[in-house]
Each structure stands twice: as structure tokens, then as C-alpha cells.
Amino acid sequence: MQATHYQVAALDPNAHLFEVRCTIDDPDPQGQRYRLAAWIPGSYLIREFARQFVHVRAESAGAAVAITKEAKDVWRAAPAAAALTVIAQVYAYDLSVRTAYFDRTRAYFNGTSLFLLPEGRDGAPCTVELLRPDGDDFVEWRVATTLASDGATPHGFGRYKAADYDELIDHPVEMSDFALAAFAAGGVRHEIAISGRHHADLERLARDLARICQWQIDLFGGAPSSRPPFDRYLFQITAVGDGYGGLEHRSSTSLMCRRDELPVRGRSEISDGYLHLLGLASHEYFHSWNVKRIKPSVFMPYDLAREAYTRQLWAFEGITSYYDDLALVRSGVIDDAQYLELLGRAISQVLRTPGRHRQSIGDSSFDAWIKFYRQDENSPNAIVSYYAKGSLVALALDLALRSAGRTSLDDVMRALWRRHGSAGVGVPEDAIESIVGELAGADMRAFFARYVHGTDDPPLDDLLAAFGIDWHLRAASGAGDRGGKPSSSAAPACWFGARVAKDLTLQHVFTGSPAQRAGLAARDVLVAIDGVRASAESVDALATTRGAGERISVHAFRRDELFAVDVELASAPLDTCYLAPKLDAPGTAAALRQAWLHG
Ligand SMILES: [Zn+2]
């Protein structure tokens, strides 16, 4: 099949416009149809990227060709006898890892936002010519992408290529004066390109990522001679004042982080922010195996025109979320105490979500398109995160398998890699459950029925006890308490039951809480408590200065109407977990823990 040729020109940084050309030599004589993706793999929401196409025209042999829309994401050009080019101007000003962005500081795009697919050419090879923007602002710009070169020099503008459309759109492109670092893992060159203003210690970041990546390569390939399933890898990082996000690709990832999460030169401790960034990078890297290659059958191939339903996102995101932090301790980047702190926070996050009693992680996976990705004020009461609870189910599964002594989740992942990922075979909806049962030599259906397809909490307190780890629950000590070790502030005595923003707007009112029972609702704005003007501090102080059973008078606005209710405060829920190694754990428990965290 003849190639599809694309050209990307960053047209106008002030109008945030790319001009994208798509040329084919042998258009459909009946009139060529073109389609644009409605979603991007890894982010399960219909985003309708065609919304940002501001102008589309077509030409052939130097003359204009009529092109009309047939659907929100479909165009048809009139029949043309010679090569046909469609020229689209695309608005790109979304600072996220999922779409496209262009201003004087950087240009970035995912192919799903820019590249029309000529109908019937999914399998055709593609070329892409990237043009340097005109002007003095752009002379220092380089290109960071893992698209294969088709003549472009390393980090240069020019021609790149892909074997087919699916490969083309799985290599996001960064164009800016990014900082660059490199390291080797598994015998493969890995690069880190950081755009945005920052003063990061790139050597330290490279050193830590090298250990994390090497551990993951060894997990799937078996040390010491294993290689990852790609020839090179790129961490594209955008540093911003406030922002967070990551999206996985087959040989790269796009990450967005706060610049204060990057490691600082001359410092050796791991800040919470840096730990967060390492966890994110580790997460996306693990996806190189788990979801980019080991993937649900329904993603092979992706249908980017409509939702692709699977009940397995808990495995592809939850298991990945389990391993992202586990890789930090297994690779020696953090110690056991730091890992248990992270685990305590992950458990607390789930315990504070009443929606886990309403929705299973299997159902959360299925409905990701309309629920997890479209959260609203009632989401904590109605849904559960297949990431957060999924990671706890993965932990429970790993601990249960290890306790039984025959296998571990590591073996399950290696079996998935051998049978599905490296074999290019999709994972059917029931495959993980049967592989686990086979390796465990036990019937694991009850485990999956209760914790994946049902809403039970996995029995982590018992499972962790067998590994010599004590499970403690306590009340949260304030809005900023994320879980883990108890802070020194006073123990809270009572519970109001709403998440309140700094401007005193109620964001979430939790199921069964005193606030909900009194009739308060999300978007109400607090005015006064017991006749005194409310403040963020006075709301936070309720937990420690009042007691369960006390009644408080609350004035609030709903829309523009003032009202008053009495709220009877309740006991503070024990929804905050911290974990600690048991000092007098028997040798068998200590050995299990050692094999789990350092095996
Ligand atoms: Zn993920």
C-alpha cells in the first residue's frame, strides 16, 4: 500500500494553530473519506478531537477540491484524479498530555489530535515531516519523539516515519528548547526531555529512573540479560507551576509535573513531590508491558471512533498502580518505611471513598467512559477508582499468592507477558482470573467475585499480618492528612462529613454524614457556624474543638438563597491507615516480607 504523507507546520504561536497536511497519491475514485479519532488510548473518555479543527480544505494538482463533513469526525473529499492533499488548521492550546499545545515556549502533539486517517489506510506506512516554526524564538528548538527517523538527524526537524497509523499516533512529539539527559537500562538508551522552566538535578533523576527501569525490565525478562520490548525510550516531561498527568505510549511517555517535584541539585533526600514524580514515571514505564503490549482483546485493534468497553482496566491500571510504588522499593530507590508510608496513603484514599460499597472495580472499569473520567460532586459516594482500589486488590492478590507459597503476582505478570504481550495476543475478559488460578493451583474464583466483581474490601489487615506488618486505623487529623504515620496534631473527635473548598463551597457531601443528614449539599456555600462567620480554618477546627453528638447551627447559601440547618456532629471515622513492621514478627513472616519487598 502506498504511504500516507503528513506534514506538521506550527503555523502561529499566538493563535495556537498547527497546519497539518495529509497527502495520498491514490485517493478513492468515489471520493476519499477521512476520519479523526474521538479518544486517545490510555485515557478512556470520548474527547472528539475534531472539535479543534478550525478549518479544513483539500487540493489536488494545484486546484481546490471540495471537502464536506459527513459526521462529527468524518470528512469526504470530492473525487480527484491525482494526489490529494487535505490541509487542516488545528487549534492547540490544551496544556495536557492527551492533546496538543503550541505557543512560543513549546509545541507538543499527540497524533490523535492532528492526523486524519484516510479511510482504508490503517495499515499503510506513514511519513511525517516536522517543520521548524519561522522566527527567532524557535532557532534553539529541537524535537523529542521516538518516531523512527526517515532522514531527520537526532532531535532534528525533518522527516520521520511509522509502519502504520496505529504506530504513528503512539509517538507524541515535543518541539521546544527542552533539557536533555540520558541513561542506559537493559542495554537500551533512555532519554529524559524536560520542557518548561526548572532547575532540576538531571543526573539524579537519570540515576533513579535507571534503577527503576532496570528493575522492571528484569521483572518481565528475567535478569541478567533481558532487554525491554523497544529499541529506545523517552520520558517527555513538562514542568509547570501546578499540574499533573501522564500518558503511556509504546516507547515513550508524556508526563506533566509541578516543577517543585523535580529533584533539586545538592539535595539527596526524597521529598514527597519527588517521590510522586518517580511513582508517576514508574507507572507509565510499567505500562510499556501492561496495557501497551499485554492488552485487552477489545483494544486489538483500537476502535477510536467509539467507546471500547472492558471490565479489565482495574488490572491494567490497578496492577500498574501497585507496581509503580513497589518498583521504587524493589529497586532500592526508597526503603521499606517509605514504601509502607505510601501504602498507608493508598489504603486511606480508598477507605475514604464510600462509593467503594456501591461500585465494583470491574464495573468502574466498564463505565470509565461516563463515570471515572466524568466525575462530579457525587462521585465519591457513587464510584470507586479502578486505579486506587485496583492497586489494593493487586496487593491482596500478590500477598495471598505469596502466603500460599506456590507463586506470586510477578509470575502472573510474566505469564501474561509470555502468552499475550510478547505473543501479540489480546487478553480475553476472563484470562487473568484463569491464569491466576492455574499458577496458584487453586480455585481463585471467590477472590475475583468478592474483590473485583463485588464490592468487598480485600482483607489486607490479615494478609499484611502474615508478612509481619501491623495495620492501624485512626481518624484523619485535618484536611491535609493523606494517611500514613500519625501527625502530631490533636486527634479529631468528631466529623462534619463534607469536603469544603477554601472559598467555603461544599465540594462533596459524603453518604451518611452529619452534613448530608442535615440537608447540606454540594455547591452550598457556608456563611456562619453558630452565628460566627465561617472560615476555612474554623471549618477545619470543628474536628478537634467540638465533640460527637454536639449540635451546631450552620448558615449557608444554596444558589442565592440563605438557609439555616442544625448539624449533629458524629464520631470521627477511622478511615486513615498506617502500617508498621511488627517488631516481634516470627521468622517466617520476616522471610515473606523480605521476599516480597526485596526478592
Ligand atoms: Zn496508568
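Structure: above.
A quick note: this is a predicted structure, and the numbers were derived from the prediction, not measured.

### Describing the overall build of the protein chain
- Helix and strand counts for the protein chain come out as 16 helices and 31 strands.
- Relative to a compact globule of 599 residues, whose C-alpha radius of gyration would be 25 Å, the protein chain shows 26 Å and is just as compact.
- Principal axes of the C-alpha set define a box for the protein chain whose edges measure 80 × 65 × 50 Å.
- Across the 599 residues of the protein chain, 56% fall into the buried class.
- The contacts in the protein chain between residues at least 6 apart in sequence include a share of 69% that link residues at least 24 apart.
- Surface accessibility of the protein chain: about 24,800 Å² in total, with carbon and sulfur atoms responsible for 49%.
- Of the side-chain charges in the protein chain, 63 are positive and 76 negative, and the distance between the mean point of each set is 1 Å.

### A look at the packing of helix H3 (residues 202-221) against helix H5 (residues 313-330)
- Two elements in contact, H3 and H5, have axes whose closest approach is 9 Å; the angle formed by their N-to-C orientations is 105 degrees. Between H3 and H5, the angle is such that the two are roughly perpendicular. Contacts between H3 and H5 involve Ile212, Trp215, Gln216 and Leu219 from the first element and Tyr323, Ala327, Leu328 and Arg330 from the second.
- Across the contact of H3 with H5, the residue classes break down as six nonpolar, one polar and one charged.

### With respect to a nonpolar patch on the surface
- A contiguous nonpolar surface patch, about 280 Å² in accessible area, is contributed by Val54, Tyr91 and Tyr93.
- Note that Tyr91 resides in strand E8 (residues 84-91).

### Describing H3
- The end-to-end C-alpha distance of H3, which contains 20 residues, comes to 28 Å, matching closely the 28 Å that a straight helix rising 1.5 Å per residue would cover.
- Capping the start of H3, Asp201 holds a side-chain oxygen 3.3 Å from the backbone nitrogen of Glu203, two or three residues further along.

### Focus on the coordination of the zinc ion
- Those protein atoms acting as donors to the zinc ion are His283 (NE2), His287 (NE2) and Glu317 (OE), and they sit at 2.0 to 2.1 Å.
- When the donors of the zinc ion are listed by position in the chain, the intervening gaps give H-x3-H-x29-E. There is no split in this pair, since His283 and His287 are both buried.

### Section: the sheet that holds strand E21 (residues 252-258)
- The sheet built from five strands is open, its strands ordered E17-E18-E19-E21-E20 with mixed pairing. Here the strands that pair on one side only, and so sit at the sheet edges, are strand E17 (179-185) and strand E20 (245-248). Recorded for the sheet is a direction-independent mean angle of 15 degrees between the axes of neighbouring strands.
- As paired strands, strand E18 (residues 188-195) and strand E19 (residues 232-240) are joined by seven bridges and run parallel to one another. Bridging across to E19, Ser195 finds its partner in Thr238.

### Considering the pattern of salt bridges
- Going through the model one piece at a time under the given rule, you end up with 42 salt bridges.
- With a shortest N-O distance of 3.2 Å, Arg402 and Asp410 are connected by a salt bridge.
- Sharing partners across several salt bridges, the network here consists of Asp272, Glu341, Arg345, Arg482 and Lys485.

### Remarks on the nonpolar core
- Residues Phe18, Phe235 and Trp596 are the most contacted members of the largest nonpolar core, which totals 162 residues.
- Apart from the residues within four sequence positions on either side, Phe235 is in contact with Phe183, His190, Glu191, Ile192, Ala193, Leu209, Cys213, Thr253, Leu255, Ala281 and Tyr285.
- Residues Ala498, Val539, Val554 and Val567 belong to the second largest nonpolar core, which totals 20 residues.

### Quick word on the sheet that holds strand E16 (residues 173-176)
- Pairing is antiparallel across the open sheet formed by four strands, whose spatial order is E9-E10-E16-E13. Each edge of the open sheet carries a strand with a single partner, namely strand E9 (100-102) and strand E13 (142-144). Taking each pair of neighbouring strands and ignoring which way they run, the sheet shows an average axis angle of 15 degrees.
- Where E13 meets E16, three bridges bridge the pair, whose relative direction is antiparallel. Across the sheet, the residue bridging to Arg142 is Ser176, located in E16.

### Quick word on the state of the cysteines
- Enumeration over the complete set of coordinates arrives at zero disulfides.
- Summary of cysteine pairing: Cys22 is not part of a disulfide, and the nearest cysteine sulfur, belonging to Cys126, is at 8.4 Å.
- In this structure Cys22 comes out as buried when scored by relative accessible area, which is 2%.
- According to the relative accessible area criterion, Cys126 is buried, its value standing at 3%.

### Here we look at unusual backbone geometry
- Going from Met300 to Pro301, the amide bond is cis rather than trans, its omega being -5 degrees.
- One non-glycine residue with positive phi stands out, namely His155, at about 65 degrees.
- With a phi close to 55 degrees, Arg559 is a non-glycine residue in the positive phi region.
- Position of Arg559 relative to the elements: it lies in the loop between strand E28 (551-558) and strand E29 (561-568).
- Judged by relative accessible area, Arg559 falls into the exposed class, the value being 66%.

### Here we look at the environment of Leu36
- Here Leu36 shows up in the loop between strand E3 (33-35) and strand E4 (53-60).
- Residue Leu36 is classed as buried on the basis of its relative accessible area, which comes to 1%.
- Distance in space between the C-alpha atoms of Leu36 and Ser113 is 7.7 Å, their sequence separation being 77 residues.
- When residues no more than four places from it in sequence are discounted, the contact partners of Leu36 are Phe49, Ala50, Phe53, Asp73, Trp75, Thr112, Ser113, Leu114, Phe115 and Leu116.

### Structural notes on the packing of aromatic side chains
- In total, this model carries 39 aromatic pairs according to the counting rule given.
- Their ring planes at 90 degrees and their centres at 4.9 Å tell us that Trp39 and Trp369 sit as a pair that is edge-to-face. With Trp39 in the loop between E3 and E4 and Trp369 in the loop between helix H7 (361-366) and helix H8 (379-382), this pair connects stretches of sequence that are 330 residues apart.
- Take Trp39: its relative accessible area is 0%, and that puts it in the buried class.
- With a centroid separation of 5.3 Å and 35 degrees between ring planes, the pair formed by Phe299 and Tyr302 is classed as tilted.
- The class for Phe299 is buried, based on a relative accessible area of 1%.
- Cation over ring: Arg311 sits above Phe366, and NZ or CZ is 4.6 Å from the ring centre.

### Quick word on the side chain of His508
- Along the chain, the position of His508 falls in strand E25 (residues 506-509).
- In terms of polar contacts, His508 uses its side chain to reach the backbone carbonyl oxygen of Glu377, at 2.9 Å.
- Beyond its immediate sequence surroundings of up to four residues, His508 is in contact with Asp376, Glu377, Pro380, Gly497, Ala498 and Arg499.

Rules of the game
By convention here, each chain's residues receive numbers from 1 onward along its written sequence. With the structure being a predicted model, the display of local features is reserved for residues of pLDDT at least 70 and the display and counting of side-chain atom pairs for 80 or more, all residues being used for whole-chain, interface and lining totals. Water and hydrogen atoms were dropped before computing side-chain values, which therefore reflect all heavy atoms in the structure. Helix and strand definitions here come from DSSP, where helices need a minimum of 4 consecutive H or I residues and strands a minimum of 2 consecutive E residues; each element is numbered from the N-terminal end. Radius of gyration here uses only the C-alpha atoms, and the compact-globule reference equals 2.2 Å multiplied by the residue count raised to the power 0.38. For each residue, the accessible area found with a 1.4 Å probe, counting protein chains only, is set against the maximum for its type, and the residue is called buried under 20%, exposed over 50%, and partly exposed in between. Any pair of residues with heavy atoms lying within 4.5 Å of one another is described as a contacting pair. Each accessible area is a Shrake-Rupley result for a 1.4 Å probe, and residues are judged covered by the shown protein chains and nothing else. Only four residue types enter the tally: Lys and Arg on the positive side, Asp and Glu on the negative side, with His and both chain ends excluded. A charged residue contributes its charge at one atom only: NZ of Lys, CZ of Arg, CG of Asp or CD of Glu. To get an axis, a line is fitted to the C-alpha atoms, and for a helix only the part in contact is used. The angle between two axes follows their N-to-C directions and goes from 0 to 180 degrees. In this scheme, roughly parallel covers angles under 35 degrees and roughly antiparallel covers those over 145, while 65 to 115 is roughly perpendicular and the rest are oblique. Charged residues are taken to be Asp, Glu, Lys and Arg, nonpolar residues to be Ala, Val, Leu, Ile, Met, Phe, Trp, Tyr, Cys and Pro, and polar residues to be all remaining types, Gly included. Residues qualify for a patch when their relative accessible area is over 30% and they have no salt bridge, like charges being joined within 9 Å and the nonpolar side chains of Val, Leu, Ile, Met, Phe, Trp and Tyr within 5 Å. Basic side-chain nitrogens of Lys or Arg form a salt bridge, by our definition, when they fall within 4 Å of a carboxyl oxygen of Asp or Glu. In this analysis, the expected span of each helix is defined as 1.5 Å times one less than the number of residues it contains. Definition of a polar contact: a pair of N or O atoms within 3.5 Å, with one able to donate and the other able to accept a hydrogen when the atoms are protein atoms, and with sequence-neighbouring residues admitted only if both atoms are side-chain atoms. For Na, K and Ca the donor cut-off is 3.2 Å, and for all other metals it is 2.8 Å, counting N, O and S atoms only; because water is absent from this set, sites may look incomplete. In short, DSSP must find at least two bridges between two strands for them to pair. By nonpolar core we mean a set of buried residues, namely Ala, Val, Leu, Ile, Met, Phe, Trp, Tyr and Cys, connected to one another through side-chain atoms within 4.5 Å. Disulfides are defined as cysteine sulfur pairs within 2.5 Å. Pairing of aromatic rings covers Phe, Tyr and the six-membered ring of Trp, with a centre-to-centre limit of 6.5 Å; geometry is then stacked below 30 degrees between planes, edge-to-face above 60, and tilted otherwise. Here, a charge over a ring is recorded when the distance from Lys NZ or Arg CZ to the ring centre is within 6 Å and its angle to the ring normal is within 35 degrees.

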